[in-house]
Amino acid sequence: YSSLDSHDTETCKRLGITYLFMIRLGNRLIRINPNDPRELQYSDSGGSSWSYLTSEPFRFLSLMDNGSELLAETSDGLYYSTSEGQGWSYRGRS
């Protein structure tokens, strides 16, 4: 899954940039909505169907599982969630 086109993906690879648009939390997948980057979706079916998880006023750019919390690089800086992505708190500029 990627919301970047192939040219953007190749540019990111050349520059050594990694963007994570989807992560796995146990049996659940969490992704940035490909049609609206302000929204996160989840799947408990291995990605065959997606449901609304949350939306925020900023754009999600990438996600990371940091063990006890999720991290999100956003258009507004770094955010973290200790509620499996249901709520987000500001951590600072990334």
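Going by the structure above, here's the rest.
Being a predicted model, the structure only gives us computed values, none of them experimental. (Residues numbered from 1 in each chain as written. Predicted model: local features only at pLDDT ≥ 70, side-chain atom pairs only at ≥ 80, totals over all residues. Heavy atoms only, no water.)

Participant: Could you give me a rundown of the pattern of salt bridges, with the residues and numbers involved?
Facilitator: This model, assessed by the stated rule, comprises three salt bridges. Between Asp44 and Arg28 there is a salt bridge, with its nearest N and O atoms 2.9 Å apart. Taken together, the residues Asp44 in the loop between strand E3 (39-43) and strand E4 (51-55) and Arg28 in strand E2 (residues 28-32) connect sequence positions 16 residues apart. Taking relative accessible area as the criterion, Asp44 reaches 52% and is therefore assigned exposed. With a closest N to O distance of 2.9 Å, Arg91 and Glu69 form a salt bridge. Note that Arg91 is positioned in strand E8 (residues 89-92) and Glu69 in the loop between strand E5 (60-65) and strand E6 (70-74), a separation of 22 residues in sequence. By relative accessible area, which is 42% here, Arg91 ends up partly exposed. (Salt bridge = Lys/Arg side-chain N within 4 Å of Asp/Glu carboxyl O. Helix = DSSP H or I, 4+ residues; strand = E, 2+ residues; numbered from the N terminus. Buried < 20%, exposed > 50% of the residue type's maximum accessible area, 1.4 Å probe, protein only.)

Participant: Can you lay out the sheet that holds strand E7 (residues 77-81) for me, pointing to particular residues and giving the numbers?
Facilitator: In spatial order, the strands read E5-E6-E7-E8; together these four strands make up an open sheet with antiparallel pairing. Two strands close off the open sheet at either side, each with one partner strand: E5 and E8. In this sheet, neighbouring strand axes are inclined to one another by 30 degrees on average, regardless of whether the strands run parallel or antiparallel. Pairing of E5 with E6, which is carried by five bridges, proceeds in the antiparallel orientation. Across the sheet, residue Leu63 finds its bridge partner in E6, namely Ala72. (Pairing = 2+ DSSP bridges. Axes fitted to C-alpha atoms, helices over the stretch in contact; angles between N-to-C directions.)

Participant: Residues and numbers for the nonpolar core, please.
Facilitator: Ile30, Ile32, Leu40, Phe60, Leu63 and Trp88 are the most contacted members of the largest nonpolar core, which has 13 residues in total. The set of elements that each furnish at least two residues to this core consists of E2, E5 and E6. (Core = buried A, V, L, I, M, F, W, Y, C linked by side-chain atoms within 4.5 Å.)

Participant: Let's hear about the side chain of Thr74: which residues, and what values?
Facilitator: Tracing the chain through its elements places Thr74 in strand E6. If we skip the residues at most four places from it in the chain, Thr74 touches Phe58, Arg59, Phe60, Leu61 and Tyr79. (Contact = heavy atoms within 4.5 Å.)

Participant: Requested: an account of the sheet that holds E3, with residues and values cited.
Facilitator: Spatially, four strands are ordered E1-E2-E3-E4 in an open sheet, and the strand pairing comes out antiparallel. A single partner strand is all that each edge strand has here, and the edge strands are strand E1 (22-25) and E4. Averaged over all adjacent pairs, the angle separating strand axes in this sheet is 25 degrees, with direction ignored. Note that E1 and E2 share four bridges and pair antiparallel. Across the sheet, Met22 pairs through a bridge with Arg31, a residue of E2.

Participant: Quick rundown of the environment of Ser48? Include the residues and the values.
Facilitator: The topology assignment puts Ser48 in the loop between E3 and E4. A distance of 2.9 Å separates a polar atom in the side chain of Ser48 from a polar atom in the side chain of Ser45. (Polar contact = N/O pair within 3.5 Å; in protein donor to acceptor, adjacent residues only side chain to side chain.)

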